[in-house]
Amino acid sequence: MAKTAKKRELVAFDSSTKKLYKLADNVLSEITVKEKSSSAYNITYMPGENVKYASVEVPNDTDEDEISIITNKTYEVLELDIDKDYKISYSISNASMGINTVYNVFVVENEKIETEFKDVANKLQYIDYIDIEPLMYQNYYTSKLIESDGVQVFIYFHKTYTTLTVYKDGELINYKIINKLSIDMLHGSFSHDLGERIPEHMFLNELSKYGFDHVDDAKRVSLNKVLSESFKFLINNLSLILRGAQLDNVTITKVFVGTDIGLSQNFLKKVEVLFSCFRCLDDDIILETMLNNKVEIGINSLEVAEFVNIHKIKYDLFKNIRNFTVEVNTPSEFTTTPEKEGGELRINPFVLLSLLRANEQLKMPNDVFNISTFLRPPPFAKRYSGKLILSILAVIVLASIYPIYNYINGKFIEVEERDTSEKIPAKQTEYTRIDNEIKNLESRLSSLSAEVNEARRTLEFRYTLLDNIYDKKVNYLSKASAATKMASILNQSNIKVTSMSFDNDIINVNLKGTATGITSFLKEIGADDTYSIESRDVLIKILNLDDKDKEHESNIVIKVLR
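In short, a report on the structure.

Basis of the calculations
Residues numbered from 1 in each chain as written. Predicted model: local features only at pLDDT ≥ 70, side-chain atom pairs only at ≥ 80, totals over all residues. Heavy atoms only, no water. Pairing = 2+ DSSP bridges. Helix = DSSP H or I, 4+ residues; strand = E, 2+ residues; numbered from the N terminus. Axes fitted to C-alpha atoms, helices over the stretch in contact; angles between N-to-C directions. Contact = heavy atoms within 4.5 Å. Disulfide = S-S within 2.5 Å. Buried < 20%, exposed > 50% of the residue type's maximum accessible area, 1.4 Å probe, protein only. Expected span 1.5 Å × (residues − 1). Arc of directions from axis to C-beta. Polar contact = N/O pair within 3.5 Å; in protein donor to acceptor, adjacent residues only side chain to side chain. Phe/Tyr/Trp six-rings, centres within 6.5 Å; stacked < 30°, edge-to-face > 60°.

1. Focus: the sheet that holds strand 3 (residues 27–31)
Phase 1 of the analysis: Pairing within the open sheet is mixed, and its five strands lie in the order 3-2-1-4-8. The open sheet is flanked by strand 3 and strand 8 (129–132), the only strands paired with a single partner. Strand-to-strand twist across the sheet, computed as the mean angle between neighbouring axes with direction ignored, equals 25°.
Phase 2 of the analysis: Here helix 2 (residues 110–124) sits on the sheet in contact with strand 1 (10–14), strand 2 (19–24), strand 4 (41–46) and strand 8, set at roughly 155° to strand 4.

2. Structural notes on the state of the cysteines
Phase 1 of the analysis: For the structure shown, the criterion picks out zero disulfides.
Phase 2 of the analysis: Free cysteine: cysteine 277, not disulfide-bonded; nearest cysteine sulfur from cysteine 280 at 5.7 Å.
Phase 3 of the analysis: We classify cysteine 280 as buried; its relative accessible area is 15%.

3. Structural notes on helix 12 (residues 515–527)
Phase 1 of the analysis: Between its first and last C-alpha atoms helix 12 spans 18 Å; for 13 residues at 1.5 Å apiece the expected length is 18 Å, and the two agree.
Phase 2 of the analysis: All of the buried residues along helix 12 are Gly517, Ile518, Phe521, Leu522 and Ile525. Buried residues along helix 12 cover an arc of 130° about the axis, so they all sit on one side. In this structure, helix 12 carries Thr516, Lys523, Gly526 and Ala527 as exposed residues pointing more than 90 degrees from its buried face.

4. Quick notes on the side chain of serine 228
Phase 1 of the analysis: Tracing the backbone shows serine 228 in helix 7 (residues 217–244).
Phase 2 of the analysis: Of the polar contacts made by the side chain of serine 228, one reaches the backbone oxygen of lysine 225; its length is 2.9 Å.
Phase 3 of the analysis: In this view, serine 228 contacts Leu274, Ile286 and Met290; residues no more than four positions away in its chain are not counted.

5. Regarding the sheet that holds strand 11 (residues 171–178)
Phase 1 of the analysis: Spatial ordering of the open sheet is given by 11-10-9-12-13, a layout of five strands whose pairing is mixed. Strands with a single pairing partner mark the edges of an open sheet, and in this sheet they are strand 11 and strand 13 (304–309). If you compare each strand with its neighbour and ignore which way they point, the axes differ by 15° on average.
Phase 2 of the analysis: Here strand 12 (residues 252–259) pairs with strand 13 via five bridges, running parallel.

6. Quick notes on the packing of aromatic side chains
Phase 1 of the analysis: Counted under the stated rule, the structure contains 18 aromatic pairs.
Phase 2 of the analysis: Their ring planes at 20° and their centres at 4.3 Å tell us that tyrosine 137 and phenylalanine 154 sit as a pair that is stacked. A residue pair is termed long-range when its members are at least 10 positions apart, and tyrosine 137 in the loop between helix 3 (133–136) and helix 4 (138–142) and phenylalanine 154 in strand 9 (residues 151–157) qualify at 17 residues. As far as the burial class goes, tyrosine 137 and phenylalanine 154 line up, both buried.

Below, the structure written as structure tokens:
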């Protein structure tokens, strides 16, 4: 039985925790760099805070270079530093319409790529793909984990910032980094509102245990107040995005929510409540609604069909991963001994999205948005140096083979020449025999041609003789009969014939007489079905000036019909 080909291992580096994960045979595990296969496909992702986004419009009728226009407008819109190097990637947006084409442009500073991934690249040797956070959600659609219909919003609370990403029908339409909303900002505002210093670990533990509905009433009010005030920045940005895309009256299909500290059901509920107060300007009403966890869809609401905890999306690619909770620990070096817990890993969802991307890249490579500067070199035969070396080797081999080829070819020609010389006498005899036969046949053909010509002359003579005999026996009598009959008519008409001639069945006759006589003759001839008058030419002459009757001359052509 044939063995099934082993799939290539996938290795993902978590840039937030500095840990390394391997996917082999659909089983995910945390590993050290020493456990990694040298042939594994290495992938990681650039955190959203280092990714700049711009939407650039290019006129369809422009004669300028497309890349130059996009680059120049991106530098202008994002106010990029011309002294720095950037990795700029772009694609056509589905928002394109009319006379302009809209491009989604993503910019990452090269120095950030170097700083973020240089160490891990040195240990892994290569990084085959570096994804960027705003486009990682697209992996859900390509892997068919979620439906792509409608407008979908992704909100992710990082430790120091929050990202807001909006997709429409599976394509990104906008991306924002909100620096005034984050886990650290919530922690700081909460401590400031309470007027006491709350340790970070205590804040995170209580948030994980109680959510925003703390058992302590003062903390409960403060947490809800802080969240509702900070969330305004996200609401304002989302309002601008939807209005700019003319989607402000559209029902959002899904809102996906995730955080760097995991997401409780209470946290997700608070987001849902805030969307129900989306357009409300009264802080007291918003806070009261938050404290009561009331979701009432009204004039101030942004309608959303479903809210989804991003950490609970089901991944068919992984056998041992079900529900995802993110590990809240101080980032450790990825070379330390990995922590495994009960067969189910606590893992960042962006690591899982990276592995989805790697899986798709192995099926259908597409490096348009790959920002990696640590790519492995192409196979030897595809490198410039490899092609040069192979070309040199090919020349050397050909140069060494050429003398051998000449020797073998010379021997082959010598044998061919000897064989040909041996066959010449027999061929010459056969040629002479055939040439003699051809000459004999040509002599016979010439003799036969002379005989044929003589027979043809005899036959033509006989044809002519028979025609003459027939004319004498048949046509002569016919002409005589016609002439006799015509003479009878002429006598009756009392006109004279000055001349008459025969040409086969044509009779030319010259007549002289009165008009009455000639007319009578013509009527008689015309009435007789033996003749047909072909033409006539009548010449009137006054033969006797004293005679009132004029005499006419007429030349008539008559055809004998039978």
